[in-house]
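Chain by chain, the residues run as shown.
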Amino acid sequence: MGRGGGAVSIIDAHTHVQFPVFDSDRSEVIARAKKAGVGMILVGTQGMTSQAAIELARKDLKFMRATVGYHPNHADESWHHDSKEQIASRPEPFDAKFFLELAEKPEVVAIGECGLDYYRLKQSAERQAHIGRQKEIFRAQIEIAE
């Protein structure tokens, strides 16, 4: 980022300006960052937001790059819907092949969001299965990163 005449002096390594919450002022947010010399890494949290990050980064590679990832909160049927991330509640199953294909795009610089997040898992008989599913998806994303 910033090579070939770009004026990036700082990189915000974790942004979500591709999320719907920025639909009304996205261009202004990006313009302010560019004016301040701040490059952005647009972080995906599932397929839809990862694709949106790539598409947005593609518009100005001097200032933006993307990551692709599947946040662990999406791993379970009772996943947490963040209305800032997506307007409609649309659970999405993890598809390693799909994420691998996205990860190979030239705009992509990392895998993430990913990891383990047990914060929202309710105490239940299914808790261990949910934890196991998160671990399975995290391992798959590590393999994609490799």
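Below or above, wherever it landed, is the structure these notes cover. Bear in mind the structure is a predicted one, so any value in this text is a computation, not a measurement.

On a plain count of helices and strands, the protein chain comes out with four helices and four strands. Along the protein chain, from the amino end to the carboxyl end, the secondary structure elements read β-α-β-α-β-α-β-α. Sequence-distant contacts in the protein chain: of pairs separated by 6 or more residues, those separated by 24 or more amount to 73%. Of the accessible surface of the protein chain, which amounts to about 8,300 Å², a share of 52% is contributed by carbon and sulfur atoms.

A word on the packing of helix α2 (residues 47-58) against helix α3 (residues 96-103). The contact between α2 and α3 brings their axes to 11 Å, and the two run at 10°. Relative to α3, the element α2 lies roughly parallel. Facing α2, whose interface residues are Gly 47, Ser 50, Gln 51 and Ile 54, α3 presents Phe 98, Phe 99 and Leu 102.

Now for the sheet that holds strand β1 (residues 10-15). Spatially, the four strands line up as an open sheet ordered β1-β2-β3-β4, and their pairing is parallel. At either end of the open sheet lies a strand with only one pairing partner, and these are β1 and β4 (108-111). Direction aside, the axes of adjacent strands within the sheet are offset by 25° on average.

Our focus in this paragraph is the nonpolar core. Judged by nonpolar contacts, the single largest core of 25 residues is most densely connected at Met 40, Leu 42, Met 64, Val 68 and Phe 94. Those elements giving two or more residues to this core turn out to be α1 (26-35), β2 (38-42), α2, β3 (64-68), α3 and α4 (127-145). Examining the composition of this core, we find that four residues originate from one element, α2, more than from any other. The residues touching Leu 42, leaving out its near neighbours within four places in the chain, are Thr 15, Val 17, Gln 18, Ala 53, Leu 56, Ala 57, Met 64, Arg 65, Ala 66 and Thr 67.

In total, this model carries five salt bridges according to the counting rule given. Linking Arg 26 and Asp 23 is a salt bridge whose minimum nitrogen-to-oxygen distance equals 2.7 Å. Looking at Asp 23, the relative accessible area reads 49%, which means it is partly exposed. Residue Glu 107 is joined to Arg 58 by a salt bridge in which the shortest nitrogen-to-oxygen separation is 2.8 Å. Of the two residues, Glu 107 sits in the loop between α3 and β4 while Arg 58 sits in helix α2, which places them 49 residues apart along the sequence. The exposure class of Arg 58 is partly exposed, given its relative accessible area of 44%.

Buried within α3 we find Phe 99, Leu 102 and Ala 103. Projected down its long axis, α3 carries its buried residues within an arc of 100°, all on one side. Lining the buried residues of α3 we find α2, β3, β4 and α4.

Cut-offs used in this document
- Residues numbered from 1 in each chain as written.
- Predicted model: local features only at pLDDT ≥ 70, side-chain atom pairs only at ≥ 80, totals over all residues.
- Heavy atoms only, no water.
- Helix = DSSP H or I, 4+ residues; strand = E, 2+ residues; numbered from the N terminus.
- Contact = heavy atoms within 4.5 Å.
- Areas by Shrake-Rupley, 256 points an atom, 1.4 Å probe, with all protein chains shown as cover.
- Axes fitted to C-alpha atoms, helices over the stretch in contact; angles between N-to-C directions.
- Parallel < 35°, antiparallel > 145°, perpendicular 65-115°, else oblique.
- Pairing = 2+ DSSP bridges.
- Core = buried A, V, L, I, M, F, W, Y, C linked by side-chain atoms within 4.5 Å.
- Buried < 20%, exposed > 50% of the residue type's maximum accessible area, 1.4 Å probe, protein only.
- Salt bridge = Lys/Arg side-chain N within 4 Å of Asp/Glu carboxyl O.
- Arc of directions from axis to C-beta.

Coordinates in, geometry out; function isn't part of it.
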